[in-house]
Amino acid sequence: MVRSHPFLTDNDLEKILNAPINCHPSQRFVINTLIQLLWDSGARISEVTNLKVEDFDVSEKFLTLRNTKNKQDRIIPVTDSVTKALSRLVGDRKTGYIFKGRHDKPMSRLSAYFALKRRVIASGINKNIRPHSFRHHFITDKLNKGAVLPQVQRFVGHTSLSSTSLYYHFTQEDLRKVLEI
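Procedures and definitions
Residues numbered from 1 in each chain as written. Predicted model: local features only at pLDDT ≥ 70, side-chain atom pairs only at ≥ 80, totals over all residues. Heavy atoms only, no water. Helix = DSSP H or I, 4+ residues; strand = E, 2+ residues; numbered from the N terminus. Polar contact = N/O pair within 3.5 Å; in protein donor to acceptor, adjacent residues only side chain to side chain. Contact = heavy atoms within 4.5 Å. Core = buried A, V, L, I, M, F, W, Y, C linked by side-chain atoms within 4.5 Å. Buried < 20%, exposed > 50% of the residue type's maximum accessible area, 1.4 Å probe, protein only. Arc of directions from axis to C-beta.

**Digging into the side chain of E47**
Link 1 in the chain: Within the secondary structure layout, E47 lies in helix α3 (residues 45-49).
Link 2 in the chain: Among the polar contacts made by the side chain of E47, one reaches the side chain of R44 at a distance of 2.7 Å.
Link 3 in the chain: Beyond its immediate chain neighbours, meaning those up to four positions away, E47 contacts L65, T68, K69, R74 and R135.

Have a look at this one:
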């Protein structure tokens, strides 16, 4: 059985990014960058938290996602805004994790989850949003904008088309289009 995931909107993202939370501005920037990267890439939370500085090609605007669920490296392009944010986050470092935790280890998935959860609660959005919700949004958004299913499948690192198609969220508007055919 497929679990239903809440569908996110651009407005939801803005509310989450601008949610008033009590933290240091540098920590706000780190979490905003992580959220924006999840939103713009469709990557899994573990793929994002395990990113190393060496995996970021700032000049070509690409990330190499390593240790993916399917045990294959995946290279994905990133947007200009994510490139700028990651560049600021990395600074002049040449090695190490982009999203640092304690003792030069990667930020844990649990830390990222709780940071996101605090943001969602503070934003007032009444949806059960988890890091994987951003992946669902990414796949649905790209398919709605005309990307072909095999392209999206490859981008998000699924081994089968059926895996990717399970993520697609039908909207009321999508269902109305069926009547027009």
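Resuming the write-up.
**Considering the nonpolar core**
Side chains of a nonpolar character, in soluble globular proteins, are inclined to be buried together.
Link 1 in the chain: Core analysis: the biggest nonpolar cluster contains 37 residues, and I98, F99 and F134 have the highest contact counts within it.
Link 2 in the chain: Secondary structure elements with two or more residues in this core: α1 (10-17), α2 (25-41), α3, β2 (62-65), α4 (80-90) and α5 (109-123).
Link 3 in the chain: F134 has contacts with L8, L13, I16, I35, L38, W39, L116 and I129, leaving out every residue within four places of it along the chain.
Link 4 in the chain: One finds F138, I139, L143 and V152 within the second-largest nonpolar core, a separate group that totals 5 residues.

**What to know about α1**
Link 1 in the chain: Those residues of α1 not exposed but buried are D12, L13, I16 and L17. Along α1, the residues classed as buried sweep out an arc of 130° about the axis, all on the same side.
Link 2 in the chain: Looking at the buried positions of α1, the neighbouring elements they touch are α2, α5 and α6 (131-144).

**Description of unusual backbone geometry**
Link 1 in the chain: Of note, the phi angle at H103 is positive, near 55°, even though the residue is not glycine.
Link 2 in the chain: As for its position among the elements, H103 is in the loop between α4 and α5.

Purely spatial values, then, with no claim about function.
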